[in-house]
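Coordinate analysis (summary)
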Amino acid sequence: MQEALIEESYAEGALPDPRVTLGAANLPTDTFDTRQEAMTQATIGFSQRIPRGDSRQLASEQKTRMAEVQPFRRENRREQVTERVTHLWLELWRSQESIRLIESNRGLFEQLSDVAEAGYTSATMGSRQQDIIRASLELTRLEDRLAALNTQLASSRESLGEWIGAEATQLPVTRQIPPGLLAEIPNRETETDVNGLIRHPSIRATDQLIDAQAIDVDLARQAYKPEWSVFAQYGYRDRAPNGQDRADLFSVGIGFDLPIFTGNRQDRKLRSSTARLEAARSERILQMRELQARARAALARIEQLDDRIRLYRQTLLPQMEEQASAALTAYNNDDGDFAEAVRARIDELNARVELIQIVAERAKNLASFRYLTAHSPETTSSSLPNDQD
């Protein structure tokens, strides 16, 4: 598109093609004899139109400005692709890590089933038949959950394959999220203020479009100036009936229009171009506000997800692990309920899976924030602990 607009800018700056006319003038209608009348002549003419004022230069400059939009659009496209591929990769990572976690805990549920069956067979721990059924049911639910996650994993691979190629998606996904996606949130004030966001490629593309629209206003003003044309014509005359030579004729002149009735044409076009320019400027303000709001919303979500991650790692998971161990110990000592022991293990597993989802969601929001603040002032940031378990 940039190359096309650059070529068009050269074309817009060129003069219109000259016009050639061929004809026969002043033929006598009674005989159509070219020698009968002295005014009869064969003509060849040449004319050249000269556009109004600086319209050629302005039209060429407008195309150049529109061509300068394209590098920013390409830059914006690269940032969007980075954000999109990051989100898809994180979905793939989330499914993979959830599967790995559930499979690593399958042995615990199988062990619970074995304990319940052994207790029921030996009648030493007060195990009941419903405990065996409950253990078998939870293993079945675990299998169903793994099947659903494997479906999500396959779907994520296919979606990611659209961007990086199907072969690349078959490569193993790393256990750890890249450190860059675990970075601390940047400073809120420096990253989401107007001075930072005006460097975003989409805003810079809009600025270039506004410059092109401003030239459109200048082009509308050129309509008040006359359009000129020059012409030259050569007329060949045949000999007179008596054989006498007749002089050929040559004509030259200029022409121009008179833009004096401007009320319903030039004036309205100028007002239209001015209104479109103001609309483009207003649209830029809305675009800035949208970017700023989305960036702040992403920051707010990151802050809340950080709080949840700390809560899970520092308090919730240790408590759930302790509760699950205590419930299993109580059951083994014939002092607890089997359903409670199973429920505690399920709650702990669900919490660990939920933590994986929260970490992935935080990384997604950070990727979105980086897109929204692309080319904003850099800030120094540390990293969160790279602990996925």
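Residues numbered from 1 in each chain as written. Predicted model: local features only at pLDDT ≥ 70, side-chain atom pairs only at ≥ 80, totals over all residues. Heavy atoms only, no water.

1. Quick notes on the overall build of the protein chain
Tallying secondary structure elements over the protein chain gives nine helices and four strands in all. Secondary structure elements in the protein chain, listed N-terminal to C-terminal, are α-β-β-α-α-α-α-α-α-β-β-α-α. For the protein chain, with 389 residues in total, the buried portion stands at 37%. Long-range pairs, those at least 24 residues apart, make up 83% of the contacts in the protein chain between residues at least 6 apart in sequence. Per element, the accessible surface of the protein chain, about 22300 Å² overall, is 51% carbon and sulfur. (Helix = DSSP H or I, 4+ residues; strand = E, 2+ residues; numbered from the N terminus. Buried < 20%, exposed > 50% of the residue type's maximum accessible area, 1.4 Å probe, protein only. Contact = heavy atoms within 4.5 Å. Areas by Shrake-Rupley, 256 points an atom, 1.4 Å probe, with all protein chains shown as cover.)

2. What about the pattern of salt bridges?
Summed over the entire model, instances satisfying the criterion amount to 20 salt bridges. A salt bridge links E348 to R345; its shortest N-O distance comes to 3.1 Å. Of this pair, E348 and R345 both sit in helix 9 (residues 338-372), three residues apart, which is roughly one turn of that helix. R345 shares its class with E348; the two are buried. R352 is paired through a salt bridge with E348; the nearest N and O atoms lie 3.6 Å apart. Of the two residues, R352 and E348 both sit in helix 9, four residues apart, roughly one turn of that helix. (Salt bridge = Lys/Arg side-chain N within 4 Å of Asp/Glu carboxyl O.)

3. Considerations on the packing of aromatic side chains
Scanning the model with the defined rule gives one aromatic pair in all. Judged by centre distance (4.8 Å) and plane angle (40°), the rings of W228 and F256 are tilted. You can see W228 sitting in strand 3 (residues 228-236) and its partner F256 sitting in strand 4 (residues 249-256), a full 28 residues away along the chain. Residue classification places W228 among the partly exposed residues on the basis of a relative accessible area of 36%. Classification of F256 as partly exposed rests on a relative accessible area of 45%. (Phe/Tyr/Trp six-rings, centres within 6.5 Å; stacked < 30°, edge-to-face > 60°.)

4. Re the UniProt feature "coiled-coil region" (unreviewed entry) in the protein chain
Summarizing the sequence annotation, UniProt attributes the feature "coiled-coil region" (unreviewed entry) to residues 132-159 and 288-315 in the numbering used throughout. The span residues 132-159 carries 100% helix and 0% strand; its end-to-end C-alpha distance comes to 41 Å. Secondary structure content for residues 288-315 is 100% helix and 0% strand, and the end C-alpha separation is 40 Å. (UniProt positions renumbered as here; feature names shortened; annotations may be inferred.)

5. Let's talk about the nonpolar core
Of all hydrophobic cores here, the largest spans 35 residues; its most connected members are W93, I102, I177, L181, L349, L355 and V359. Mapped by element, the contributors of at least two residues to this core are helix 2 (55-122), helix 3 (129-164), helix 8 (266-332) and helix 9. Considering every element that reaches this core, the biggest residue donor is helix 9, with twelve residues. If we ignore the near neighbours within four places in the chain, the residues touching L181 are T86, L90, R362, A363, L366, A367 and R370. M288, A295, L299 and L372 belong to the second-largest nonpolar core, a separate cluster that totals ten residues. (Core = buried A, V, L, I, M, F, W, Y, C linked by side-chain atoms within 4.5 Å.)

6. Some thoughts on the sheet that holds strand 2 (residues 41-50)
The strand order across the open sheet formed by four strands is 1-2-3-4, and the pairing between neighbours is antiparallel. Since the sheet does not close on itself, it has two edges, and those belong to strand 1 (19-25) and strand 4, each with one partner. Ignoring which end each strand starts from, the neighbouring axes of this sheet average 20° apart. Of the pairings in the sheet, the one linking strand 1 to strand 2 comprises seven bridges and is antiparallel in character. Within the sheet, the bridge partner assigned to R19 lies in strand 2 and is S47. (Pairing = 2+ DSSP bridges. Axes fitted to C-alpha atoms, helices over the stretch in contact; angles between N-to-C directions.)

7. Topic: the environment of N150
Residue position: N150 is located in helix 3. Each C-alpha atom, one on N150 and one on S98, is 9.7 Å from the other, the two residues being 52 residues apart in sequence.

8. A word on the pairing of strand 3
Relative to strand 3, strand 2 runs antiparallel, the two sharing nine bridges. In the sheet register, A42 faces strand 3, and the bridge partner there is Y236. One ladder, built from eight bridges, connects strand 3 with strand 4; its direction is antiparallel. Note on strand 4: the bridge partner recorded for Q233 is S251.

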